[in-house]
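Listed below, chain by chain, are the residues.
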Amino acid sequence: MTEEKIMKYGFWFSIACLIISPWITVVAGNWGIGIMTTGILAIGTYYEFLPRFHGSFLRVLGGILAILGVSFLEIIYTFIVLAICHS
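Summary of the structure given here. (Residues numbered from 1 in each chain as written. Predicted model: local features only at pLDDT ≥ 70, side-chain atom pairs only at ≥ 80, totals over all residues. Heavy atoms only, no water.)

**Re a nonpolar patch on the surface**
Nonpolar side chains collect at one region of the surface, where F57, L58, V60, L61, I64, L65 and L68 lie side by side and expose about 710 Å² of accessible area between them. You can see V60 is positioned in helix α3 (residues 57-85). Given a relative accessible area of 36%, V60 falls into the partly exposed group. (Patch = residues over 30% accessible without salt bridge, like charges linked within 9 Å, V, L, I, M, F, W, Y side chains within 5 Å. Areas by Shrake-Rupley, 256 points an atom, 1.4 Å probe, with all protein chains shown as cover. Salt bridge = Lys/Arg side-chain N within 4 Å of Asp/Glu carboxyl O. Helix = DSSP H or I, 4+ residues; strand = E, 2+ residues; numbered from the N terminus. Buried < 20%, exposed > 50% of the residue type's maximum accessible area, 1.4 Å probe, protein only.)

**Thoughts on the packing of aromatic side chains**
For the structure on display, the rule yields three aromatic pairs. Ring geometry for Y46 against Y47: centres 5.9 Å apart, planes inclined by 50 degrees, an arrangement best described as tilted. Y46 gets classed as buried once you look at its relative accessible area, which sits at 18%. Through a chain of ring-to-ring contacts, the aromatic side chains of F11, W12, Y46 and Y47 assemble into a single cluster. (Phe/Tyr/Trp six-rings, centres within 6.5 Å; stacked < 30°, edge-to-face > 60°.)

Written as structure tokens, this is what we have:
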């Protein structure tokens, strides 16, 4: 398996973790939070190994902001799912 395919599968795994985790949090809180943490760490690892975020300070800063943006969107998504399920 090439490194490119491994990166692609890792990316899709992290996206699946981020999409599924709020729904699991409703049923089993600790499991959902664990899956969410796994997804955020996996997407952070994916962004860290992308070549476009290497080089200058602004590119590294862009990668950090992308990771923070994904984390922020995940928090909003989680609140929306929890509001839907508890209403």
